[in-house]
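Residue-level listing of the chains:
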Amino acid sequence: MSNRGTSSAVSLRVRALRAPRMSGSPGFAAVLSGLLPGLGQAYQGRWVKGILMVLLPIFTVLLAGAFIAIADPLTTLVLRNAPAFTFLVAAAFFMYHLYVVADAFAGKLLGMGSLSGRRLLDYAILGVVCVSLVAFYTAAYRGSAPWAGFFAKIFAPIANAPLVAAAGQDPSLPAWTGTDRVNVLLLGIDSRPDSSTTQNTDTMIVLSLDPVNKTAAMLSIPRDVYIDRPGVLVDKINAAYAFGGPDLSRKVVEDLLGIRLNAYALVNFDAFTKIVDSVGGVIVDVRRPVRDESYPTPDYGVERLDITTGPQLMDGSTALHFARSRHDTNDYSRAQRQQLVLSALRTRMTEGDFLRSLPAIVDRVGSAVQTNFDPANVPSLVLFGTAIDGSAIRSEVLYPCGSDYPHCELQYSGSDGGFFLVPDRAKVRDFAASIFYDPQVKSEAASIEVRNTGGRTGLAQTVADRLVERAFSVSIVTNGSATGRSAVLVRNNTKRYTANALAQQLGGLPVDTLPTSESSSADIVVRVGSDFRGLATDLAR
């Protein structure tokens, strides 16, 4: 080839290198990246950059979300400044999306310093895409702002918590893993707008969810239960809120029932009325008529209440009246009615588009609904709570002895000082253990043999009956041929979790492997000998 030909070829290559290298229409690439960041880059053949642009925001959101959920001070900071945080997130995503669109429009130019060489139509398309992004993120921010307000109001106890824990402060509430039982204390407060004093709790219900076996339970605590715990509370249990707010109420209930509470939820009765009205009312099957000649009104007067039997649609005011009235019957009937209304409200929420209207509801009720439950667990908890079958919900009340109630854990006590219900701590904790059983124990379904090895006559059967109440699967009760110390003996090592739970329930018995000299068809053998002291609830008297 001649020198002239060679020079021409080199010149053409140089001009080609200097010219912008483009693949496809820049306007169309901008449209694609406007629809999905990185799609326009992939259209131009820049696959690596396109994939990175798709993954970067996803990775950032997941990483930031994990930090916010795990780090309590960061969670508090975000909730405290939820509206501003929402605006910053929307602005950051908008700027990133705008950059990706501009990069797709520029194509394979060195840097992004030159956007020349494009047709007028491409610039027009770029302008439309940019305007569309502004409209989209503006709408996204306006739609998310109510949710930011929702979280800030509902989780006010977390948002208002100090960023650094003070010395001597109580440890944080037990975290929910998503597989263990979650217990929430529901507190109903009659706070009237013109009242300057802190109110006692009108309602106390422990709501418990078992996500493993898909069951739930509600236990109502009568407000006249007397708590005699010097240094904590010496008064009726409904006064705990007046003396120490929801935190003291939680501690007192935990001590009474012998369980851990994962959170509390505080509901003002005015908020309850608005929530019921927001879902279109609740359908309640009234089993007994409710007639009250002196139902208290918000202005401290009284009015007549008359609710007949049969299924009926109740608005918020009627549902509140039905749940609160107690002059015609007693606190125990009242507690059952409260649980009936809560169940009806849960059913109503599952039927309508409740989540979409939730921010508007919270905006109406203001700060009258609050909880310290971990926000990261709320979505899964709501989905589970609304999906559970109504027949799998157990409703119970702590009852006084001396009447024809199905069980009793309280004793009447009356004097010039007033009327009280004194709890039998062992019986209360026994009953609570039967309601709030360990989900993994029930799911594992290990077969258990309770063997009497020197204990008094009938002791093995008594222990077996009480273990069954706690969801343990006792398959056989026997009398051993020899004496032996009390212990939990494991034959099937895959049931070790149940064995450890048994040991804890039985007052801390040792756990060991079943000796080869002892045979059994059960997975676990519980020996109760003459040294057996009783269940853990007995030892707590």
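Source: prediction; values computed, not measured.

## A look at the sheet that holds strand β17 (residues 487-490)
Strand pairing in a sheet takes place through backbone hydrogen bonds and is either antiparallel or parallel in direction. Across the sheet, 5 strands lie side by side as β16-β15-β19-β17-β18; this open sheet has mixed pairing. Two strands in the sheet have a free side with no partner beyond their single neighbour: β16 (473-479) and β18 (511-513). Taking the axes of each pair of neighbouring strands and ignoring which way they run, one obtains an average angle of 25 degrees across the sheet. Where β17 lies against strand β19 (residues 524-528), 4 bridges are found, and the strand directions are antiparallel. For Ala487, the partnering residue across the bridge sits in β19 and is Arg527. Here helix α17 (residues 459-469) sits on the sheet and contacts β15 (447-452), β16 and β19; the angle it forms with β16, its principal contact strand, is near 175 degrees.

## Remarks on the pairing of strand β4 (residues 226-229)
One ladder, built from 4 bridges, connects β4 with strand β5 (residues 233-236); its direction is antiparallel. Residue Ile227 lies in a different strand from β5, and its bridge partner there is Asp235. Once β4 ends, the chain turns through 3 residues before running back antiparallel as β5, passing Gly231 with a positive phi of about 90 degrees.

## What to know about the sheet that holds strand β1 (residues 182-189)
Ordered in space as β11-β6-β1-β2-β3-β12, the 6 strands form an open sheet in which the pairing is mixed. At either margin of the open sheet sits one strand with a lone partner, and together these are β11 (369-371) and β12 (393-397). Here the average twist between neighbouring strands, direction ignored, is 15 degrees. Sheet topology places strand β6 (residues 263-268) next to β11; 3 bridges connect them, and they run antiparallel. Within β11, the residue paired with Ala265 across the bridge is Thr371. Each of β1, β2 (201-210), β3 (215-220) and β6 is contacted by helix α9 (residues 240-257), which is oriented at about 140 degrees to β1, the strand it contacts most.

## Section: the nonpolar core
One finds Val282, Met314, Phe322 and Leu345 to be the most contacted residues of the largest nonpolar core, which totals 41 residues. In terms of residue count, the dominant contributor to this core is helix α10 (residues 269-278) (5 residues). In contact with Leu345, not counting residues within four places along its chain, are Phe272, Ile275, Val276, Val279 and Val282.

## Some points on the state of the cysteines
Linking two cysteines covalently through their sulfur atoms gives a disulfide. Within the structure shown, the criterion is met by 1 disulfide. Put simply, Cys401 and Cys408 are joined by a disulfide, and their sulfur atoms are 2.1 Å apart. Given an S-S torsion of about 85 degrees, the disulfide between Cys401 and Cys408 has right-handed geometry. Note on Cys401: relative accessible area 14%, which makes it buried.

## A short note on the pattern of salt bridges
All chains considered together, the criterion is met by 21 salt bridges. With a closest N to O distance of 2.6 Å, Arg466 and Asp430 form a salt bridge. Of the two residues, Arg466 sits in helix α17 while Asp430 sits in helix α15 (residues 425-435), which places them 36 residues apart along the sequence. As far as burial versus exposure is concerned, Arg466 and Asp430 are alike and both buried. Salt-bridge contacts for Glu518 lead to Arg527; the nearest nitrogen and oxygen are separated by 2.8 Å.

Criteria and cut-off values
- Residues numbered from 1 in each chain as written.
- Predicted model: local features only at pLDDT ≥ 70, side-chain atom pairs only at ≥ 80, totals over all residues.
- Heavy atoms only, no water.
- Pairing = 2+ DSSP bridges.
- Helix = DSSP H or I, 4+ residues; strand = E, 2+ residues; numbered from the N terminus.
- Axes fitted to C-alpha atoms, helices over the stretch in contact; angles between N-to-C directions.
- Contact = heavy atoms within 4.5 Å.
- Core = buried A, V, L, I, M, F, W, Y, C linked by side-chain atoms within 4.5 Å.
- Buried < 20%, exposed > 50% of the residue type's maximum accessible area, 1.4 Å probe, protein only.
- Disulfide = S-S within 2.5 Å.
- Salt bridge = Lys/Arg side-chain N within 4 Å of Asp/Glu carboxyl O.

Read these as spatial facts, not as claims about activity.
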